[in-house]
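# Chains, contacts and geometry: an overview
Letter by letter, the chains look like this.
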There are 2 protein chains.
Amino acid sequence: MNEIKTPPSGKAEPLQRLGEIGLSNFAPYLMNRIMGRYNADLRQEMTGLGLTTPKMRALAVLSVIDDLPISELAVYAVVEQSTLSRSLEQLASDGLVRRDPDPSDSRVTRIGITETGRAALDQLWPSMARIYAQMFKDIPDEERQAFVTTLQKMLKNIRKHDF
Amino acid sequence: MNEIKTPPSGKAEPLQRLGEIGLSNFAPYLMNRIMGRYNADLRQEMTGLGLTTPKMRALAVLSVIDDLPISELAVYAVVEQSTLSRSLEQLASDGLVRRDPDPSDSRVTRIGITETGRAALDQLWPSMARIYAQMFKDIPDEERQAFVTTLQKMLKNIRKHDF
DNA sequence: CAAAATAATATGCATTTGCAATTATAAATC
DNA sequence: GATTTATAATTGCAAATGCATATTATTTTG
């Protein structure tokens, strides 16, 4: 009772509606709810540090993969290119990132994180880790791992780029 | 190789940084990436129908749980209350929702979906279902079910309200 | 190799957003 | 039961967002 009905096989069925699935069985709904809270909670911590969600995301990505072209960073950071452009302007003027012209393609600007940028992120990290831990409270390691594995498959299924 | 290091046991460890975990092992990152795509893909379909993300979310929730106070709807729909207030204004004037005063508490306005609202959502639903199917392509039913179960636990862990 | 098509970034602008403050009502406290 | 405190919803406003476009550089094509 309460699981998603599986089509018997093959044949196209009259599309199951959201009301029949139920909000709490619809993965995208649950994910939006969870990430809504996660991002809102984090935003509170960021404002104290003068960061916004796009800025924080850019820094977070750069802390792992450095020296990215802006367009690639936009994909990784899940921020609109135009929004990111403006965020980077500020991050650069605050000395949290560096802008380097790409030597082989002069259209490209590569973004790198500075020591100051890393420090800013480090200040935020404990909050991120805390909210992360809260999310997975009482969820066994094995389940967590399986969950991440599924997420990786989903990203592969849905993403538009190869990264 | 490439899994999250588990603290040996007990003792507090020097916090593991994001770079060590890796973006593709960090669940919130993956979830933001996936939902970013999901929402962006959906937005495209919505604009054709004159809907925005907040409006669509309100309708989607109402299609499952009707006659909600605005403040509760805001939580379910993951939309800021002030934003929702304005979205509902438009939905109401377009005849997609109904606004009823709560009989027992005159501060409260209860929102209900109209037939027209349901019809609008029905028009969008095939796209939602298609993107949903794409997300879970080649992911076995059992895995999908386990994934949703974990999501439900996570929401319980992180949410601020009892619903 | 000139012309056209594609790509990376920035920017103008209208719209949307989120925060704080406001208004109206209800509940709690003294 | 009057006063304080809390809750629901709206609204003013500055800031952020997304789209379309502009600009510059590269690649492709004829």
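Structure report, in brief. (Residues numbered from 1 in each chain as written. Chains lettered and ligands numbered in written order. Predicted model: local features only at pLDDT ≥ 70, side-chain atom pairs only at ≥ 80, totals over all residues. Heavy atoms only, no water.)

### Examining the sheet that holds strand S1 (residues 68–69) of chain B
All names here are of chain B. With antiparallel pairing, the 3 strands of this open sheet are ordered in space as S1-S3-S2. What marks the edges here is a single partner per strand, and that holds for S1 and strand S2 (97–101). The sheet contact formed by S2 and strand S3 (residues 109–113) spans 5 bridges and is antiparallel. From the neighbouring strand, Arg98 faces S3, where its bridge partner is Gly112. Sheet strands touched by helix H3 (residues 53–64): S1, S2 and S3. Its angle to S3, the strand with the most contacts, is close to 85°. (Pairing = 2+ DSSP bridges. Helix = DSSP H or I, 4+ residues; strand = E, 2+ residues; numbered from the N terminus. Contact = heavy atoms within 4.5 Å. Axes fitted to C-alpha atoms, helices over the stretch in contact; angles between N-to-C directions.)

### A look at the packing of aromatic side chains
In total, this model carries 11 aromatic pairs over all chains according to the counting rule given. Pairing Tyr76(B) with Phe163(B) gives two aromatic rings, centres 4.8 Å apart and planes at 35°, and the pair type is tilted. On the criterion of sequence distance, the pair formed by Tyr76(B) in helix H4 (residues 70–77) and Phe163(B) in the segment after helix H7 (141–158) is long-range, its members being 87 residues apart. Grouped by ring-pair contacts, the aromatic residues Phe26(A), Trp125(A), Tyr132(A), Phe136(A), Phe147(A), Phe26(B), Trp125(B), Tyr132(B), Phe136(B) and Phe147(B) constitute a single cluster. (Phe/Tyr/Trp six-rings, centres within 6.5 Å; stacked < 30°, edge-to-face > 60°.)

### Some details on the pairing of strand S3 (residues 109–113) of chain A
Bridge count between strand S1 (residues 68–69) of chain A and S3(A): 2 bridges; the pairing is antiparallel. Paired with Pro69(A) across the strands is Arg110(A), a residue of S3(A).

### Quick look at helix H4 (residues 70–77) of chain A
Counting buried positions along H4(A) yields 6 of 8 residues, so the element is predominantly enclosed. Within H4(A), the full set of buried residues consists of Ile70(A), Leu73(A), Ala74(A), Val75(A), Tyr76(A) and Ala77(A). Tucked into the core, H4(A) has its buried residues touching helix H3 (53–62), S1, helix H5 (81–93), strand S2 (97–101) and S3 of chain A together with helix H2 (27–48) of chain B. (Buried < 20%, exposed > 50% of the residue type's maximum accessible area, 1.4 Å probe, protein only.)

### A short note on the environment of Phe147(A)
Relative to the assigned elements, Phe147(A) resides in helix H7 (residues 141–158). For Phe147(A), a relative accessible area of 2% gives the class buried. Sequence separation between Phe147(A) and Ala58(A) is 89 residues; the distance between their C-alpha atoms is 25 Å. When residues no more than four places from it in sequence are discounted, the contact partners of Phe147(A) are Phe136(A), Ala27(B), Met31(B), Phe147(B), Thr150(B), Leu151(B) and Met154(B).

Shape descriptors only; they carry no functional weight alone.
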